[in-house]
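Chain by chain, the residues:
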Amino acid sequence: MAGDRTPKIVGTVWGLLVLNTLGSAGAKTIVPLPRSLIQMVTMGALVAAFTLALTVNLKLRIRASAYVSLLTLLLVTSVISSANLESGFGALFRCARLALFVGTLWLLSRWWDGSTTFVRHHIRMYFAVLGLVAAGLIISPGAALPDLYGGRLVGALWPLTPPQIGQYAAVIIGLTVLLLLGRRTDRTGAAVVIVPSLVLLALTHTRTATLGLVIGLTLAIGSLILTSAAARRFFTWAVVCATVAAVGFASVLQAWFLRGQSKENFSSLTGRAKVWDALLAEPRSTGETLFGMGLGDKSFGGLPIDNSWLAVYQEQGLIGVCLVAAVIIVLGGIALLRPPSLERACAIFLISYCALASYTEAGLGDASPYLLHLALAASLLAAPAANAARPDAAAATPATDAPDVTPEVPRRRVPQWARRTELS
């Protein structure tokens, strides 16, 4: 199982999962796309991903995974909470989507061996998505930087919001930097990914993604400092550059960070705090407190919740919150117990990014890019199976069941004079 080479079709399956989690709601595109068409494409991608994963893993070989096991329990909780149809039939549809998502991860777990194979699939697919965003910016700058979003970058060809674009850019920047430090890619290839992604991240004015990138990379590189000279050099230069930027461009950075908002609006997290207070003040029965209201669109009173923990509490109750917390704790604990390595650093970056973003973004309780990032972290933390299949394995293994063979007794040499006497 662990010795199997990863088929190319597995990368296609991972790309289809990324396509499914892009979502169907966002900014207005240059060519209006009906939401039903977008949902058909995203759901079709998930069905195709599950079908291809099943085709390439017909024997249903899977690896034990605490992460996917916890997601399976979260799925069970979601079905229980959605069965009363408080959130309508859409809740059952979302449960079916989550079931296909988790099932596909189980099928792919066969190839989770602690290598960076899935990291490269992740970077390629999200870089392609950012390429689509950049193409929309070039074709129609007005549609890509609309006044409705305060001049922040959105998807003009596919409906993507600024936080989504910022998240994708931050994640692939962080992973590419780590691959560069681990000498798994060259500088030219890394620059092709990092430079345009940084430009797009800056145009989104997404504070969560920027802070997640900085803090996640700090923790990830910190885990490599004792074993990697490249990580020590990068960390030193990063501190120097950050200090110079903080001193020389303080006003520009402050203006970018505030995005023209008032202090009151900024302190309430762009109005999020009001929604959170109303959600927590809502009276609930014991069943609703434990299991939630069922999977919905991550909103309360018609306004987005924009907090993973409160969204899970609303839809999957306290049991769901405990399961999501267990996911973060288990993955983080495994990462801390692993010896320093590039794979461990990538996992730490992804886990810390998702944990930080969970405060202002929803998605940890349903099929989303955040669950896909954490699935990537789980694949990086999977221990390679012992005794991987090798052509020379049989030769290297002593034959314990070989039959007893008596060594041949060497013949005694008879002198020539004795032979003549014998013949006479």
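Predicted model only: the values in this text are computed from it and were never measured.

The next point concerns the overall build of the protein. A count of helical and extended segments in the protein gives 19 helices and two strands. Residue burial in the protein is summarised as follows: out of 424 residues, 44% are buried. The contacts in the protein between residues at least 6 apart in sequence include a share of 77% that link residues at least 24 apart. Summed over all atoms, the accessible surface of the protein reaches about 21,600 Å², with 66% contributed by carbon and sulfur.

Let's shift gears to the packing of helix H16 (residues 342–357) against helix H17 (residues 369–381). At a minimum axis distance of 9 Å, the contact between H16 and H17 shows a crossing angle of 155°. Comparing their axes, H17 and H16 come out roughly antiparallel. Note on packing geometry: the crossing formed by H16 with H17 is left-handed. Along the contact surface, H16 presents Glu343, Cys346, Ala347, Leu350, Ile351, Tyr353, Cys354 and Ala357, while H17 presents Tyr370, His373, Leu374, Leu376, Ala377, Leu380 and Leu381. Here the contact of H16 with H17 is built from residues that sort into 13 nonpolar, one polar and one charged.

What follows is about the confidence of the model for the protein. Across the protein, pLDDT averages 86, with 86% of residues at or above 70. Averaged pLDDT values over the elements of the protein bottom out at 38 in helix H18 (residues 393–396) and peak at 97 in H17. Across residues 387–409 the pLDDT falls below 50, and counting only partners more than four positions away or on other chains, this stretch makes two contacts in the model.

The next thing to look at is the environment of His373. Note on placement: His373 falls in helix H17. You can call His373 buried: its relative accessible area is 0%. On a C-alpha basis, the gap between His373 and Val119 in space is 9.6 Å, while along the polypeptide they are 254 residues apart. One polar contact links His373 to His122, side chain to side chain, over a distance of 2.9 Å.

On the surface, Ile30, Val31, Leu33, Leu37, Met40, Val41 and Ile139 cluster together into a nonpolar patch covering about 610 Å² of accessible area. Per-element tally for the nonpolar patch: the top contributor is helix H2 (residues 35–56), with three residues. Here Leu33 is to be found in the loop between helix H1 (8–20) and H2. Classification of Leu33 as partly exposed rests on a relative accessible area of 30%.

Attention shifts here to unusual backbone geometry. Positive phi is not limited to glycine here, since His205 has a value of about 55°. Summarising the element assignment, His205 is placed in the loop between helix H8 (187–204) and helix H9 (207–222). Take His205: its relative accessible area is 23%, and that puts it in the partly exposed class.

So, on to the packing of helix H13 (residues 272–281) against helix H15 (residues 308–337). One can describe the packing of H13 onto H15 by two numbers: an axis separation of 11 Å at closest approach and a directional angle of 30°. As the angle between them shows, H13 and H15 are arranged roughly parallel. Crossing geometry of H13 relative to H15 is assigned as left-handed. Contacts from Trp276, Leu279 and Leu280 of H13 reach H15 at Leu310, Tyr313 and Gln314.

All told, the structure shown has four salt bridges when counted by the stated rule. Of the charged contacts, one joins Asp366 and Lys298 as a salt bridge, the two residues approaching to 3.1 Å between their closest N and O atoms. Remark: Lys298 occurs in the loop between helix H14 (286–291) and strand E1 (299–300) and Asp366 occurs in the loop between H16 and H17; sequence separation between them is 68 residues. With a relative accessible area of 5%, Asp366 lands in the buried category. Linked by salt bridges that have partners in common, Lys298, Glu315 and Asp366 make up one network.

Moving on, we get to H9. Its 16 residues give H9 an end-to-end C-alpha distance of 22 Å, which sits within 8% of 22 Å, the value for a rise of 1.5 Å per residue. Within H9, burial applies to Arg207, Thr208, Ala209, Gly212, Leu213, Gly216, Leu217, Ala220 and Ile221.

All right, on to the nonpolar core then. Ranked by size, the top nonpolar core spans 97 residues in total, and within it Trp14, Tyr67 and Leu105 carry the most contacts. For this core, the element with the most residues is helix H7 (residues 162–181), which contributes twelve residues. Ignoring any residue separated from it by four or fewer positions in sequence, one finds Tyr67 in contact with Leu105, Val327, Leu331, Leu371, Leu374, Ala375 and Ala378.

The subject of this paragraph is the side chain of Ser352. Within the secondary structure, Ser352 sits in helix H16. For Ser352, a relative accessible area of 15% corresponds to the buried category. A distance of 2.7 Å separates a polar atom in the side chain of Ser352 from the backbone oxygen of Ile348. The residues contacting Ser352, other than those within four sequence positions of it, are Gly216 and Leu219.

Cut-offs applied
Residues numbered from 1 in each chain as written. Predicted model: local features only at pLDDT ≥ 70, side-chain atom pairs only at ≥ 80, totals over all residues. Heavy atoms only, no water. Helix = DSSP H or I, 4+ residues; strand = E, 2+ residues; numbered from the N terminus. Buried < 20%, exposed > 50% of the residue type's maximum accessible area, 1.4 Å probe, protein only. Contact = heavy atoms within 4.5 Å. Areas by Shrake-Rupley, 256 points an atom, 1.4 Å probe, with all protein chains shown as cover. Axes fitted to C-alpha atoms, helices over the stretch in contact; angles between N-to-C directions. Parallel < 35°, antiparallel > 145°, perpendicular 65-115°, else oblique. Left-handed = near helix turned anticlockwise from the far one by under 90°. Nonpolar A, V, L, I, M, F, W, Y, C, P; charged D, E, K, R; others polar. pLDDT = per-residue confidence, 0-100. Polar contact = N/O pair within 3.5 Å; in protein donor to acceptor, adjacent residues only side chain to side chain. Patch = residues over 30% accessible without salt bridge, like charges linked within 9 Å, V, L, I, M, F, W, Y side chains within 5 Å. Salt bridge = Lys/Arg side-chain N within 4 Å of Asp/Glu carboxyl O. Expected span 1.5 Å × (residues − 1). Core = buried A, V, L, I, M, F, W, Y, C linked by side-chain atoms within 4.5 Å.

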